[in-house]
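# Results of the structural survey
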Amino acid sequence: MTTPNVTIYSTLSCPYCVRAKQLLERKGVAFKEINLSNEAPEVRIELMQRTNHRTVPQIFIKDQFIGGFDQLYALEREGKLDQLLA
């Protein structure tokens, strides 16, 4: 089984970013984290243009933007997250 391509854009002071990462870790899912606190401002601007969202976390699974923590948790609650990660 290959590791899904999960990317989380986060910041240092984001409790929802922590919760999203904890959910993925509990599921044994490897992810790439891009901490916007450490990136050039252009990275955040490009991300906002790509997703039309200003908040973090911003989560991508297999290059598909799924949203933030609320959307990730909703997928888990509905039993759809495992399918997306497969």
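Residue positions are given per chain, counted from 1 along the sequence in the order it is written. Predicted model: local features are reported for residues with pLDDT of at least 70 only, side-chain atom pairs are reported and counted for 80 or more only, and whole-chain, interface and lining totals are derived from all residues. Processing note: side-chain calculations cover all non-hydrogen atoms of the structure and skip hydrogens and water entirely.

In the nomenclature of an unreviewed UniProt entry, the protein chain corresponds to Glutaredoxin from the organism Acinetobacter venetianus. One UniProt comment on the protein chain, placed under Function (unreviewed entry), says "Has a glutathione-disulfide oxidoreductase activity in the presence of NADPH and glutathione reductase. Reduces low molecular weight disulfides and proteins." Annotation of the protein chain in UniProt includes, under Sequence similarities (unreviewed entry), the sentence "Belongs to the glutaredoxin family." UniProt positions are given in the numbering used here, feature names are shortened, and annotations may be inferred rather than shown by experiment.

Moving on, we get to the packing of aromatic side chains. Each aromatic pair joins two rings of Phe, Tyr and Trp (for Trp, the six-membered one) with centres within 6.5 Å, and gets the label stacked for planes under 30 degrees apart, edge-to-face for over 60, and tilted for any other angle. Under the counting rule described, the total for this entry stands at four aromatic pairs. Summarising the aromatic geometry, the rings of Tyr9 and Phe60 are spaced 5.8 Å apart at their centres and angled 70° between planes, so their arrangement reads as edge-to-face. Here the residue Tyr9 occupies a position in strand E1 (residues 6-10), and Phe60 occupies one in strand E3 (residues 58-61), the gap between them amounting to 51 residues. Exposure class is identical for Tyr9 and Phe60. Each is buried. Between Phe60 and Phe65 the ring centres are 5.2 Å apart and the planes differ by 45°, which places this aromatic pair in the tilted class. Exposure categories follow from relative accessible area, calculated using a 1.4 Å probe and restricted to protein chains: below 20% of the type maximum is buried, above 50% is exposed, and the middle band is partly exposed. Relative accessible area serves as the criterion here: at 4%, Phe60 is assigned to the buried category. Phe65 gets classed as partly exposed once you look at its relative accessible area, which sits at 26%. Runs of E in the DSSP output that reach at least two residues are strands. Runs of H or I that reach at least four are helices, and both are numbered from the N terminus.

In this description, the term disulfide denotes a pair of cysteine sulfurs within 2.5 Å. One pass over the structure, following the stated rule, counts one disulfide. What pairs with Cys14 in a disulfide is Cys17, and their sulfur atoms sit 2.4 Å apart. Sign of the S-S torsion, about 85° for the bond between Cys14 and Cys17, identifies this disulfide as right-handed. Of the two residues, Cys14 and Cys17, neither departs from the other in class, the shared state being buried.

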